[in-house]
Amino acid sequence: MAGLINNLLILFLVFQNICLGFRSPLSVFKRYRDTTRSLPSECIGSDRPVISLGLSDFVLDILMPGVTPKQSDTYLCMSVPLPVDDEAYVVDFKPHASMDTVHHMLLFGCNEPSSTKNYWDCDEGTCKDKSNILYAWARNAPPTQLPKGVGFRVGGQTGGRFFVLQVHYGDISAFRDKHKDCSGVTLHLTRQKQPLIAGMYLMMSVNTVIPPGEKVVDADIACHYKRFPMHLFAYRVHTHRLGKVVSGYRVRNDQWTLIGRQSPQLPQAFYPVEHPVDVSYDDILAARCVFSGEGRTTETHIGGTANDEMCNFYIMYYMEAKHAVSYMTCTQNANPEIFRNIPQEANIPIPVKSDMLKMAHGHHEETKDTGKSSLLQHDKKEKDKLLDQDFHVEEAVEWPGLDLKLGQVSGLALDAENNLVIFHRGDHVWDENSFDSKFVYQQRGLGPIEQNTILVLNPSNAKLLHSMGKSLFYLPHGLSVDKNNYWVTDVALHQVFKLGAYAKEPLLTLGVALQPGSDKNHFCQPTDVAVDPITGSIYVSDGYCNSRIIQFSSKGLYVMQWGEGTETSLGRARPGQFHIPHSLALIPDFSQLCVADRENGRIQCFMLETGEFIREIKHKSFGRELFAVSYVPGGLLFAVNGMPYPGEAEPIQGFVMNFSTGEIIDTFIPLRKSFEMPHDVVASEDKTVFIGDVQVRTVWKFASIEKMEHRSVKKAGIEVQEIKESETIVEARLKNNPESTDALKKHEKQHLVQQASTGVSFVLITTLLIIPAVVLLAILVFVRWRRTTGYGADGEHKLDSSSGRILGRLRGKGGGGLNLGNFFASHKGYSRKGFDRLSTEGSDQEKDDDGTDSEGECSAPPPAPSS
């Protein structure tokens, strides 16, 4: 009878939608039903995996399709497509699992699952593209419902189109009867737009070691928060058997505010944050897991099996829709010193009562969500605290560093005090005479560079603070800074060096001097080096004549390598193939290493621990070459490309990208001089950017200009939003007192302001009144211009060169044409006939195009070999 009523209700809704011109829920779900897999009869809800709840809401079952794991610690994955084409929001999660059979479950959102099978071994991966954690469950945790007006965004243009369920089966003794498991989760979704978008922030220790018998072992995690404000409403803790207590905090102005604290031996649900907590720009998020190694006879490490350990602190948050970020991680301890002041409660295990243990071990009964009301009550004023991070990068024209007398600038870095470090070649140059066909350096008779090749400058006024590196190098290339050490590469020596700030001799040397090679002990023109701040592991990009990334231990011992040369016959480079891996950016937030794959015009990112390919970032505006990449904690990626090939339009410019999405946020070019071969880029957390050019032999400084910085001012009942001066102007005012960085920091903190929710913006009203007048005036001017100005023979009015340059600036691109005669005349090693290279490999002076570099994104025939 109930089924009949339900069917009649659906038919009524279909009829009503047709009459009103709406799409029916059944038509919305048709695509899903056409592709739904048949599931075993024992799976709950398998006969109706998607059920309409009305015009906009529906529920979706995501269940394992009747699996029987064959060994303990098996991870199995399965995927379900989103049953609607447009955007939807997940507002409720209901788990179907028991810890008697399932250790834990994770639900991901993405666009391309790793497999199209009914289910697969998760060792194959969960998703081929970027994935976001939407939900986590363990130890018989109860259902999770989000606050009103909050949802996880899926589908549409920005959300994932697939759900991927990962189930970890720990001990398989429960499967002795060979039964089939249908564990999973039911989602409640709505197509009604939610004003607040939910996200997941995962804090996770990756390198904790628990010695056997040790009574107390702490695992600490801390990261600076560098995004728009978020509001925390739920948390979840996760360890395995050795975890005693997990605590999470927000640290602001040395004050610790508890987010949540719980025993990981209790049901690992998402518990409500007792008192709403907001997190703003430059706050610190900190978490501690307390373990005990008692009862163990061997070391316990972080890992994926039930006998390993984990230290995870999950935070559910919401942000305003237009600024929402769906997933963030923190895997490092950026500030170990702060844990000296962690509240004592974080070190005290939580007693677990016997009835709670019953609940955690399979005897849980669903109860009413007593914390629901607290989740639904949030102060509206908290929602209005927004940090406007819209910005544009422009040259800091007051910076005097452009006039420094430098050699070819090959590498840039920032030290621990944010001072600028420059690596340059003094009076040595890299040209067609530098190497023979076997990459052996031919100019040893010149001796090493007699000038100091490493310069440390005050970033505000370009004052020289320190210099070193005299008589050590022949052809400097890559540079990075690890604490107080400088890591550099020399392409002539084929070596990598670790130098102390004031040491006259290298502290560590990798490679054999002046001997190119491709084994574990030799490099061939190594380009860059990066050091993991957590593990001390060393990563070297090698290089111009090898196509690989090599990992060494902190002591310089070979660990592994990955990468291969690009097979040009395939048309497009595959993942893990390189054509000059030229620059490295270590991404500690995500445990990734990103490589500027120069001649393939792309960025490739890999897992630090395994070298596993994660993704490629490639844009048409990169052109054919991408020289350098730099990462800023908080999620910004900076890059710079190379000169366009003849006939191609992409200009040389700097790029700002969202690391999570790969989207280009901004592009920029210098106002003084022009890029010719920008070779390296480095950026700081305040979005100050430095770019060094090997041909212009200079370094530019760029600063971010906030588009709008608000301060609410009540005046005659109208709110006025004052537009404050940009960071560049502030820097200019501090020029006479460059050491006054406190004032600058204070100015930066003024971005964290509260916008009032009522009143009308005076600026907005003025703008709306002015725009029609400006448009009308422009039309009148255009009409008069048409009457008084003729067109050229080709039907196109030609702008003078100054107008072209101005329009180029407005578009964020450089103006001016390409003089091929001057271009090729200034690039030795090319002939007019076919523009063929004399050498087989590219240097910093020349492009490497010997007729084989034809990789592109389309299948059209490649252009003739050119510069």
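One can find the structure itself at the top, above this paragraph.
1. Observations regarding the side chain of Asp 61
By secondary structure assignment, the location of Asp 61 is in strand E2 (residues 57-63). At 2.5 Å, the side chain of Asp 61 forms a polar contact with the side chain of Thr 186.

2. Notes on the pattern of salt bridges
Tallying each qualifying case throughout the model produces 21 salt bridges. The residue Lys 128 makes a salt bridge to Glu 112 at a minimum N-O spacing of 3.8 Å. Of this pair, Lys 128 sits in the loop between strand E6 (120-121) and strand E7 (132-138) while Glu 112 sits in the loop between strand E5 (104-110) and E6; the two residues are 16 residues apart in sequence, bridging distant segments of the chain. What makes Glu 112 partly exposed here is its relative accessible area of 39%.

3. Quick word on the sheet that holds strand E39 (residues 581-587)
Two modes of strand pairing occur in sheets, parallel and antiparallel, and in both the strands are linked by backbone hydrogen bonds. The four strands lie next to each other as E39-E40-E41-E42, forming an open sheet whose pairing is antiparallel. Each end of this open sheet is capped by a strand with a single partner; those strands are E39 and strand E42 (613-617). Each strand of the sheet is rotated relative to its neighbour by a mean of 20°, with strand direction disregarded.

4. Some words on the nonpolar core
Burial of nonpolar side chains together is a common tendency in soluble globular proteins. Counting residues in hydrophobic clusters, the biggest one holds 58 residues, and the most contacted among them are Ile 62, Phe 93, Leu 107, Phe 163, Leu 187, Leu 189 and Met 316. If we ignore the near neighbours within four places in the chain, the residues touching Leu 107 are Ile 62, Phe 93, Asn 132, Ile 133, Leu 134, Tyr 135, Phe 163, Val 164, Leu 165, Val 185 and Leu 187. Core analysis: the second largest hydrophobic core is formed by 31 residues, Val 217, Ala 219, Phe 228 and Tyr 235 among them.

5. What about the environment of Cys 77?
Looking at the secondary structure, you find Cys 77 in strand E3 (residues 74-81). Classification of Cys 77 as buried rests on a relative accessible area of 0%. Residues Cys 77 and Lys 117 lie 40 residues apart in sequence; the distance between their C-alpha atoms is 9.5 Å. Other than its neighbours up to four places away in sequence, Cys 77 contacts Met 64, Tyr 119, Trp 120, Cys 122, Thr 126, Val 164, Leu 165 and Gln 166.

6. Examining the environment of Phe 552
Structurally, Phe 552 is set in strand E35 (residues 548-552). For Phe 552, the contacting residues outside a window of four places in its chain are Leu 510, Lys 520, Phe 523, Ser 537, Ile 538, Val 540, Leu 557, Tyr 558 and Val 559.

7. Structural notes on the packing of aromatic side chains
Summed over the entire model, instances satisfying the criterion amount to 29 aromatic pairs. Centroid distance Trp 430 to Tyr 544: 4.9 Å. Interplanar angle 70°. Geometry classified as edge-to-face. Highlighted residues: Trp 430 in the loop between strand E26 (420-424) and strand E27 (454-457) and Tyr 544 in the loop between strand E34 (538-542) and E35, separated in sequence by 114 residues. The exposure class of Trp 430 is buried, given its relative accessible area of 3%. Since its relative accessible area comes to 2%, Tyr 544 is described here as buried. Three or more aromatic residues joined by ring pairs form one cluster here, namely Phe 93, Tyr 135, Phe 152, Phe 270 and Tyr 314. Lying across the ring of Phe 659, Arg 615 places its NZ or CZ 4.6 Å from the centre. Just above the ring of Tyr 645 sits the side chain of Arg 624; from NZ or CZ to the centre is 4.3 Å.

The rules behind the values
Sequence order as written defines residue numbering, which begins from 1 separately in each chain. The predicted nature of this model means local features are confined to residues of pLDDT at least 70 and side-chain atom pairs, given and counted, to a pLDDT of 80 or more, with totals for whole chains, interfaces and linings taken over all residues. Hydrogens and waters are ignored; side-chain quantities use all the structure's heavy atoms. Numbered from the N terminus, helices here are DSSP runs of H or I no shorter than four residues, and strands are runs of E no shorter than two. Here a polar contact is recorded for every N or O atom pair within 3.5 Å, except that within protein the pair must consist of a potential hydrogen donor and a potential acceptor, and residues adjacent in sequence are included only if both atoms are side-chain atoms. For salt bridges, the criterion is a side-chain nitrogen of Lys or Arg within 4 Å of an Asp or Glu carboxyl oxygen. Three labels apply to residues, based on accessible area from a 1.4 Å probe with only protein chains included: buried if under 20% of the type maximum, exposed if over 50%, partly exposed otherwise in between. Only strands that DSSP links by at least two bridges are regarded as paired with each other. Every axis in this analysis is a line fitted to C-alpha atoms, fitted for helices over the stretch in contact. Angles between the N-to-C directions lie between 0 and 180 degrees. Here, the term nonpolar core denotes a set of buried Ala, Val, Leu, Ile, Met, Phe, Trp, Tyr and Cys residues that are joined through side-chain atoms within 4.5 Å. Contacts were defined at the residue level, with two residues in contact if any of their heavy atoms lie within 4.5 Å. For Phe, Tyr and Trp, where Trp contributes only its six-membered ring, two rings pair if their centres lie within 6.5 Å, and the inter-plane angle classes them as stacked under 30 degrees, edge-to-face over 60, or tilted in between. Sitting over a ring, as applied to charges here, requires NZ of Lys or CZ of Arg to be within 6 Å of the ring centre and within 35 degrees of the ring normal.

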